[in-house]
Amino acid sequence: MKKQLKRIGFFRELPYGGPEGLSINSSLSEFSLEKKVKVISYLRSGTACVVSPGVSRDVISSERDIIGALSLLTDGVFLWPSDFPYYFEKYSVGIPQEFLEHMEQNVWVISTDINIQNLEL
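Chains are numbered independently. Their residues run from 1 in the order of the written sequence. With pLDDT at 70 or above as the cut-off, local features in this predicted model cover only qualifying residues; side-chain atom pairs require 80 or more to be listed or tallied, and sums for whole chains, interfaces and linings still use all residues. To obtain the side-chain values, all non-hydrogen atoms of the structure were used and water was disregarded.

**Thoughts on helix 3 (residues 97–105)**
- Between buried and exposed lies partly exposed: a residue is buried under 20% and exposed over 50% of the maximum accessible area for its type, with that area taken using a 1.4 Å probe on protein chains only. A run of H or I in DSSP counts as a helix once it spans at least four residues, and a run of E counts as a strand once it spans at least two, with each numbered from the N terminus. Buried within helix 3 are the following residues: Phe 99, Leu 100, His 102 and Met 103. All buried residues of helix 3 lie within an arc of 160° about the axis, which places them on one face of the element. Set apart from the buried face of helix 3 by more than 90 degrees, the exposed residues are Gln 97 and Gln 105.
- Contact between two residues is taken to exist if any of their heavy atoms lie within 4.5 Å; hydrogens are not considered. Where helix 3 is buried, its residues touch helix 1 (33–44) and strand 5 (78–81).
- Val 107 sits one or two residues past helix 3 and shows a positive phi near 55°. Read the arc as the range of directions from the helix axis to the C-beta atoms.

**Some details on the side chain of Asp 83**
- Mapped onto the secondary structure, Asp 83 falls in the loop between strand 5 and helix 2 (84–91).
- When charges are counted, neither His nor the chain ends are considered; positive counts come from Lys and Arg and negative counts from Asp and Glu. In the sections that follow, a salt bridge refers to a side-chain nitrogen of Lys or Arg positioned within 4 Å of a carboxyl oxygen of Asp or Glu. Nearest to the buried, unbridged Asp 83 among oppositely charged side chains is Arg 64, at 9.5 Å.
- In protein, a polar contact requires one atom able to donate a hydrogen and another able to accept it; more generally it is a pair of N or O atoms within 3.5 Å, and residues adjacent in sequence count only if both atoms are side-chain atoms. Here Ser 56 takes part through its side chain, which lies 2.5 Å from a polar atom of the side chain of Asp 83.
- The residues contacting Asp 83, other than those within four sequence positions of it, are Tyr 16, Ser 56, Ile 67 and Leu 70.

**Quick notes on the sheet that holds strand 2 (residues 6–7)**
- Spatially, four strands are ordered 2-5-4-3 in an open sheet, and the strand pairing comes out mixed. Edge strands, defined here as strands with exactly one partner in the open sheet, are strand 2 and strand 3 (47–57).
- Only strands joined by at least two bridges in the DSSP assignment are considered to pair. Where strand 2 and strand 5 come together, two bridges link them in parallel fashion. Along strand 5, the bridge assignment pairs Lys 6 with Phe 78.

**Concerning the nonpolar core**
- To qualify as a nonpolar core, a set must consist of buried Ala, Val, Leu, Ile, Met, Phe, Trp, Tyr and Cys residues joined through side-chain atoms within 4.5 Å. Judged by nonpolar contacts, the single largest core of 30 residues is most densely connected at Val 39, Leu 43, Trp 80, Phe 84, Ile 95, Phe 99 and Met 103.
- For this core, the secondary-structure elements that each account for two or more residues are helix 1, strand 4 (66–74), strand 5, helix 2 and helix 3.
- If we ignore the near neighbours within four places in the chain, the residues touching Phe 99 are Ile 8, Tyr 42, Leu 43, Asp 75, Phe 78 and Trp 80.

**Some remarks on helix 1**
- A helix's residues, less one, multiplied by 1.5 Å, set its expected span. In this model, helix 1 (twelve residues) spans 16 Å end to end at C-alpha, consistent with the 16 Å of a helix rising 1.5 Å per residue.
- For helix 1, the set of buried residues is Lys 36, Val 39, Ile 40, Tyr 42 and Leu 43. Taken end-on, helix 1 shows its buried residues confined to a sector of 165°, consistent with a single buried face. The exposed residues of helix 1 that point more than 90 degrees off its buried face are Leu 33, Glu 34 and Arg 44.

**Notes on the pattern of salt bridges**
- Applying the stated criterion to the full structure yields four salt bridges.
- Between Lys 38 and Glu 34 there is a salt bridge; the shortest N-O distance is 3.5 Å. Here Lys 38 and its partner Glu 34 are both found in helix 1, four residues apart, which amounts to about one turn of the helix.
- A relative accessible area of 32% means that Lys 38 is categorised as partly exposed.
- With a relative accessible area of 57%, Glu 34 lands in the exposed category.
- For the salt bridge of Arg 44 with Glu 89, the shortest nitrogen-to-oxygen distance reads 2.6 Å.

Quick look at the structure:
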């Protein structure tokens, strides 16, 4: 049986977000610089389980800057889009408390032995 991943960072304003997602503008948070660096590093080090040939653009900026190629990343429990660390770093979008506690329990390191074939997106 496949393990269902918990989705985070799929804000409703994003092209791949859904109407049930949080608003990117209403989920802002504040962190110490030390914790923010740990969160960004963790998010960027996720294992890619889906990669798209398209690009992600900043939906908040009026210039709609290109963020980069879009992929879906995981740590084996949570699933997030690859532009989530960008929005967290630049705009301090919110991080669910459950995910923060999960990252802390993992000492801010993602396991390298994730079998994505056993995961349900």
